[in-house]
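Listed below are the residues making up each chain.
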Amino acid sequence: MEEQAVQSGKRRKKRLPGWGKTLLTVLLTLALSAGLWCALLGRSGLAMVETYLLARFAFVETDADLDGVVDAGLNAFVNGLGDRWSYYRTAEQYRELTATRANSYVGVGVTVDSASREEGLLVQSVAEGGPAEEAGVRPGDIITAVDGVSVAGEARQEASDRVRGEAGTQVALTLLGEDGATREVTCTRATLRNSSARGQLLEGQIGYVQLSNFYSGAADSFRREVDALVEQGAASLIVDVRGDPGGYVSELEKILDYLLPEGPVFTQKPRWWAASVYQSDADCVDLPMAVLVNQHSYSAAELLAAQLRESVGAPIVGERTSGKGYSQVTFPLLNGGGVGLSTATYCTGSGRSLIGEGITPDVELSLDEGAAIGGEHDNQLQAAVELLQP
């Protein structure tokens, strides 16, 4: 018996049971995974994970809104980077951002200025065929109340959110007309396609195009408007990017290539890869040009203005621009939200950076109080027109 026991013991040393192999594999995998996460996250990153787990399993209030806590934490984390251009968006905000960048939205079809008039939102433009146009809203009207709630004064900052809502629902707008009369209209919200560009032939055969953003389809929209103006006999062109938040590099590249003669027009320098230099071919819009900008011309908008001046000497009229100079990538997150991080810098074709400086216009001029962009009393537009007159 003793000998047999010794022999059995020897056999057990040679062969590990199946469950033991499985357990060893799991332990090794966990050890390697833990080591990998430690290397990737570091002490600070692991501390954030630890805090979440402690809040979830040790915090006494079991019904605490951890999703809201995570949203607040991620927002604070990105703000802590010290980059004004990086951002965090909650799941709902990220869905809205995605829709905006697709140049579609749910609303009534108005573009408004929340800064110019204390009484409320100044209607700058009305989408053709949209709910607002059908209800009789006109450019120059001021939205003073939404569903009976005043949007004057400080309430203007949140007024646009009141106008938005679900498709098919109704919203009542109280309007102050240019004639001083007040009226109320009811609009049914709908999903609308946003045209990035809007053109108009001014006196003196001057083509005028407002470019509201550089999101999906912007280049095609811009090209259609300019081509139509050229067919109507435009002898010069004003490009208006006041209030333009920028958008996609791909749309900027197409517009620069369409407008400008052969040469470098844009340089992008990512963190991990070599710089990319974008070139324009020889085909171009061979017209004298001027550009309108303001302090709310960001990113691609100010780069477009800077490059038009650099390539063809187009004069710039308006206010000093924001001085962005960083491009972002928006990364979707597992919680449905998204984080946008500055991942590259950019500059003009000659290598000039706009970071912190922006563009100083050739004619520095603020918009007259009460005037609407592109409207009859737009003094900045009139200054650009004078520059292009023979």
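Look a little higher up for the structure.
Just so we're clear, the structure is a prediction, and the values are computed from it rather than from any experiment.

Q: Where do I start with the environment of L252 in this structure?
A: Locating L252 in the fold gives a position in helix α8 (residues 249–259). Given a relative accessible area of 3%, L252 falls into the buried group. Once the C-alpha coordinates of L252 and F266 are considered, the two residues, 14 residues apart in sequence, prove to be 9.0 Å apart. Once residues within four sequence positions are removed from consideration, L252 is found in contact with F214, F266, A300, L303 and L304.

Q: How should the sheet that holds strand β16 (residues 316–318) be read in this particular structure?
A: Where strands meet in a sheet, backbone hydrogen bonds hold them as pairs that are either parallel or antiparallel. Read from one edge to the other, the open sheet built from 6 strands follows the order β10-β11-β12-β15-β16-β19, with strand pairing classed as mixed. With one partner strand each, in any of the chains shown, β10 (197–202) and β19 (363–364) form the two edges of the open sheet. As paired strands, β10 and strand β11 (residues 206–211) are joined by 6 bridges and run antiparallel to one another. Bridge assignment links A197 to a residue of β11, and that residue is L211. Sheet strands touched by helix α9 (residues 300–312): β11, β12 (236–240), β15 (289–293) and β16. Its angle to β15, the strand with the most contacts, is close to 155 degrees.

Q: Whenever I open this one, the packing of aromatic side chains confuses me. Can you help?
A: Aromatic ring pairs: the centre-centre distance and the angle between the two ring planes describe each pair. Following the criterion strictly, the structure yields 5 aromatic pairs and no others. Pairing W85 with Y298 gives two aromatic rings, centres 5.9 Å apart and planes at 70 degrees, and the pair type is edge-to-face. Of the two residues, W85 is situated in the loop between α3 (66–79) and β1 (87–89) and Y298 in the loop between β15 and α9; the sequence distance between them amounts to 213 residues. For W85, a relative accessible area of 13% corresponds to the buried category. By relative accessible area, Y298 is classed as partly exposed at 22%. Considering the side-chain rings of Y215 and Y248, the 5.7 Å spacing of their centres and the 65 degrees angle between planes classify their relative orientation as edge-to-face. Linking Y215 in the loop between β11 and α7 (218–231) with Y248 in the loop between β12 and α8, this pair joins segments that are 33 residues apart in sequence. Y215 gets classed as buried once you look at its relative accessible area, which sits at 11%. In this structure Y248 comes out as partly exposed when scored by relative accessible area, which is 30%. Through a chain of ring-to-ring contacts, three or more aromatic side chains come together here, namely F266, Y278 and Y346.

Q: Would you mind showing me how to read a nonpolar patch on the surface here?
A: On the surface, L36, L40, L41, V49, Y52, L53 and F57 cluster together into a nonpolar patch covering about 680 Å² of accessible area. Accessibility expressed as a relative area gives 66% for F57, which makes it exposed.

Q: Hey, could you run me through the pattern of salt bridges in this one?
A: Working definition: two side chains of opposite charge can pair if their charged atoms are close together. Considering all chains together, one arrives at 8 salt bridges under this definition. The salt bridge partner of E118 is R156, with a shortest N-O separation of 3.3 Å. In this pair, E118 is assigned in the loop between β3 (110–113) and β4 (121–126) and R156 in helix α6 (residues 156–163), connecting sequence segments 38 residues apart. Among the residues examined, R156 registers a relative accessible area of 12% and is labelled buried. Across the pair R309 and D362 runs a salt bridge whose closest N-O atoms are separated by 3.2 Å. Of this pair, R309 sits in helix α9 while D362 sits in the loop between β18 (338–347) and β19; the two residues are 53 residues apart in sequence, bridging distant segments of the chain.

Q: Would you take a moment to explain the packing of α8 against α9 for this structure?
A: Think of two packed helices as two axes; the pair is described by the angle between the axes and how far apart they sit. Direction vectors running N to C along α8 and α9 enclose 20 degrees, while the axes themselves pass 11 Å from each other. With respect to their mutual orientation, α8 and α9 come out roughly parallel. The way α8 lies across α9 gives a crossing that is right-handed. Taking contact as the criterion, the partners of L252, I255, L256 and L259 in α8 are, on α9, A300, L303, L304, Q307 and L308. Classifying every residue of the contact of α8 with α9 gives 8 nonpolar, 1 polar and no charged.

Q: When you look at the pairing of β12 in this model, what are you seeing that I'm missing?
A: For a regular strand, side chains alternate in direction, first toward one face of the sheet and then toward the other. With respect to burial, β12 is a largely interior element, 5 of its 5 residues being buried. The parallel pair β11 and β12 is bridged by α7, and the resulting crossover is right-handed. Pairing of β12 with β15, which is carried by 4 bridges, proceeds in the parallel orientation. Each residue of the ladder has a partner; that of V239, found in β15, is V291.

Q: What am I meant to see in the nonpolar core here?
A: Where a protein is soluble and globular, its nonpolar side chains tend to be buried together. Formed by 38 residues in total, the largest nonpolar core has its most connected members in F222, L259, L304 and L308. Those elements that provide at least two residues to this core are β11, α7, β12, α8, β13 (263–270), β15 and α9. Ranked by the residues each element gives to this core, the list is headed by α9, at 7 residues. Setting aside chain neighbours within four positions, we find L259 in contact with F222, L237, C284, V285, M289, L304 and L308.

Q: Honestly, the packing of α7 against α8 in this entry has me stumped. Any pointers?
A: The geometry of α7 relative to α8 is characterised by a closest axis approach of 8 Å and an angle of 25 degrees between their N-to-C directions. In this view, α7 runs roughly parallel relative to α8, as classed from their interaxial angle. Where α7 abuts α8, its residues A218, A219, F222, R223, V226 and D227 lie against E251, K254, I255, Y258 and L259.

Q: Would you explain the environment of D286 in this entry?
A: Tracing the sequence through the fold places D286 in the loop between β14 (276–280) and β15. Remark: the alpha-carbon pair of D286 and F59, spanning 227 residues in sequence, is separated by 68 Å.

Q: Explain the side chain of D240 to me, please; I cannot follow it from the model alone.
A: By the element assignment, D240 lies in strand β12. Sequence-distant contacts of D240, that is, excluding residues within four places in its chain, are made with Y208, V209, Q210, L211, L292 and I373.

Calculation criteria
Residues numbered from 1 in each chain as written. Predicted model: local features only at pLDDT ≥ 70, side-chain atom pairs only at ≥ 80, totals over all residues. Heavy atoms only, no water. Helix = DSSP H or I, 4+ residues; strand = E, 2+ residues; numbered from the N terminus. Buried < 20%, exposed > 50% of the residue type's maximum accessible area, 1.4 Å probe, protein only. Contact = heavy atoms within 4.5 Å. Pairing = 2+ DSSP bridges. Axes fitted to C-alpha atoms, helices over the stretch in contact; angles between N-to-C directions. Phe/Tyr/Trp six-rings, centres within 6.5 Å; stacked < 30°, edge-to-face > 60°. Patch = residues over 30% accessible without salt bridge, like charges linked within 9 Å, V, L, I, M, F, W, Y side chains within 5 Å. Areas by Shrake-Rupley, 256 points an atom, 1.4 Å probe, with all protein chains shown as cover. Salt bridge = Lys/Arg side-chain N within 4 Å of Asp/Glu carboxyl O. Parallel < 35°, antiparallel > 145°, perpendicular 65-115°, else oblique. Left-handed = near helix turned anticlockwise from the far one by under 90°. Nonpolar A, V, L, I, M, F, W, Y, C, P; charged D, E, K, R; others polar. Right-handed = clockwise from strand over helix to strand, strands pointing away. Core = buried A, V, L, I, M, F, W, Y, C linked by side-chain atoms within 4.5 Å.

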